[in-house]
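# Overview (structure and organization)
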Amino acid sequence: MMQPAFSRRSALATMAGLGAGALLTACGQGGGSASGELSKEPVTLRFTWWGSDARHKRTQQVIDLFHKAHPNITVKGEFKDWNGYWDSLATTVAANDAPDIIQMDELYISSYAERGALLDLGTAAKHLNTAGIDPNALGTGKIGGKQYGLPTGLAAYAFVANLDLLDQYKVALPDDSTWTWDDLKTVGAQVSKASGGKVVGVGSWGFDTGGVNIWARQAGAALYDEQGKVVIPPAVLADFWQYLADLAKAGIAPTPSVTVERASASLEQTLLASNTCAFATCWNTQLPSYAAASGKRLKLLKIPGEAQAKTPAPYYKPSMYLSISSRSKHAAEAAAFVDFFVNSQEAGAILLADRGVPANTKVREVIAPKLTAEDKAAADYLSSLKVGPAPRATPNGASSSEAIVKRYTEEVLFGRATPQQAAAGFIKELQAEIDAA
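From a predicted model like this one, the values you see are computed outputs, not experimental measurements. (Residues numbered from 1 in each chain as written. Predicted model: local features only at pLDDT ≥ 70, side-chain atom pairs only at ≥ 80, totals over all residues. Heavy atoms only, no water.)

### Re the pattern of salt bridges
For the coordinates displayed, the defined rule picks out 13 salt bridges. In this structure, Arg 297 engages Asp 167 in a salt bridge whose closest nitrogen and oxygen atoms are separated by 2.6 Å. With Arg 297 in the loop between α12 (287-294) and β10 (298-301) and Asp 167 in helix α7 (residues 163-168), the pair connects residues that are 130 residues apart, well separated along the chain. The shortest N-O distance in the salt bridge between Glu 410 and Lys 406 comes to 2.6 Å. Pair noted here: Glu 410 and Lys 406 are both in helix α17 (residues 401-413), with a separation of four residues, about one helical turn. (Salt bridge = Lys/Arg side-chain N within 4 Å of Asp/Glu carboxyl O. Helix = DSSP H or I, 4+ residues; strand = E, 2+ residues; numbered from the N terminus.)

Below you can see the structure in the form of structure tokens.
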């Protein structure tokens, strides 16, 4: 789920160069009403998304199906790969030529929403039904109490166990309904010892904000407050890095050099995919890719420490959103298309899990028999979780947060900074990025 960081910065730089006021003027006016009747005259909508050729084909099939139901509405697709998507979107938005329907990412939704580029979907309730989506999932697309994106699919943070390795080294699978972080250390140490170092017990993490969010939420804290300020307590963040350092020092996780090397490698070269660790973190929707690469039996496990946590750590992470341009002259028709895309069982039967586990629970139930075993396991995992309220979407200016997390994790693992120093540096640096946006 992680994407290259360089285009994140360049994409938002295009928008930032205009200044917030200029872009608000450009984007915030001239759109059509989302609450009016659907037009009976010919209407053309532009829909932009990123993805693979397989996604393009599935999306076009849904567009064709929508056109059959609404013969007067033509939806023209504008699809790109990730690397070129954000620069193109920023340019079209700045030129008042944004597509009507925009596939949006969690890292950017605040930046576009706060600059007035996106429609408040709450104004489109006449044509866009959200009753089938969990409020905690809807919360992922809210900024300042307004709904700027509807999640097309959902993911959740998980641990993965390699069952074949556990069997090989005669280590029992822990009970993930009760296990603790100390239990993870214990079982990880058993694997490392039994394998003679050929396989480590636990693959280290700390290279994205998912792990930070989970750790903070279990402590009753959060990475950001609703105003977008960095509020994670330094002691909580220091504990996070201390735990990772302890795993490496004890030989439960790999040496720092191996961890950093594998964290930057392709999926096939990760510890989990290469069958050189017994436990690792991932987003549940990554299970099919890891299972295919490893060729082993992999099982999703709930996060350690949930039975003892102050608040539920799991949360819904949107794989992506559909948003509507605030400048769209056909906002009502755009809302009808988004409704069809997210809520229609016919559309769901085509899309399956291509954009994550469907956010609409009824669609999820209908497509379950058509999913692969791994996709079904990912969907079942999501349904089994006790999920808390959505964390605040990544604030404007914080799109480099994962790169900052990664850097400080490396500093701690290599002993160039103490966990306390890393926590203080991370909070100060990330807040400065947000303040400068």
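### Details of the nonpolar core
Soluble globular proteins: nonpolar side chains tend toward being buried together. Membership of the largest hydrophobic core comes to 60 residues, with the highest contact counts inside it found for Leu 45, Phe 47, Val 75, Leu 150, Phe 337 and Val 338. Not counting the four nearest positions on each side in its chain, Val 338 is found in contact with Ile 101, Leu 128, Leu 150, Leu 322 and Ile 324. (Core = buried A, V, L, I, M, F, W, Y, C linked by side-chain atoms within 4.5 Å. Buried < 20%, exposed > 50% of the residue type's maximum accessible area, 1.4 Å probe, protein only. Contact = heavy atoms within 4.5 Å.)

### A closer look at the state of the cysteines
Across all of its chains, the model carries zero disulfides by this definition. For the unlinked cysteine Cys 277, the closest cysteine sulfur is that of Cys 282, found at 11 Å. In this structure Cys 277 comes out as buried when scored by relative accessible area, which is 0%. (Disulfide = S-S within 2.5 Å.)

### As for the sheet that holds strand β2 (residues 73-80)
If you walk across this open sheet you meet the six strands as β2-β1-β3-β11-β6-β12, and the pairing is mixed. In the strand order of this sheet, the two ends are held by β2 and β12 (357-358), each with one partner. Inspection of the sheet shows strand β6 (residues 150-155) paired to strand β11 (residues 317-324) by five bridges, in the antiparallel sense. Residue pairing in the sheet places Pro 151 in a bridge with Tyr 321 of β11. The strands touched by helix α3 (residues 53-69) are β1 (43-50), β2, β3 (101-104) and β11; relative to β1, the strand with the most contacts, the crossing angle is about 160 degrees. The strands touched by helix α13 (residues 331-343) within the sheet are β1, β2, β3, β6 and β11, with β11 carrying the most contacts at an inclination of about 155 degrees. (Pairing = 2+ DSSP bridges. Axes fitted to C-alpha atoms, helices over the stretch in contact; angles between N-to-C directions.)

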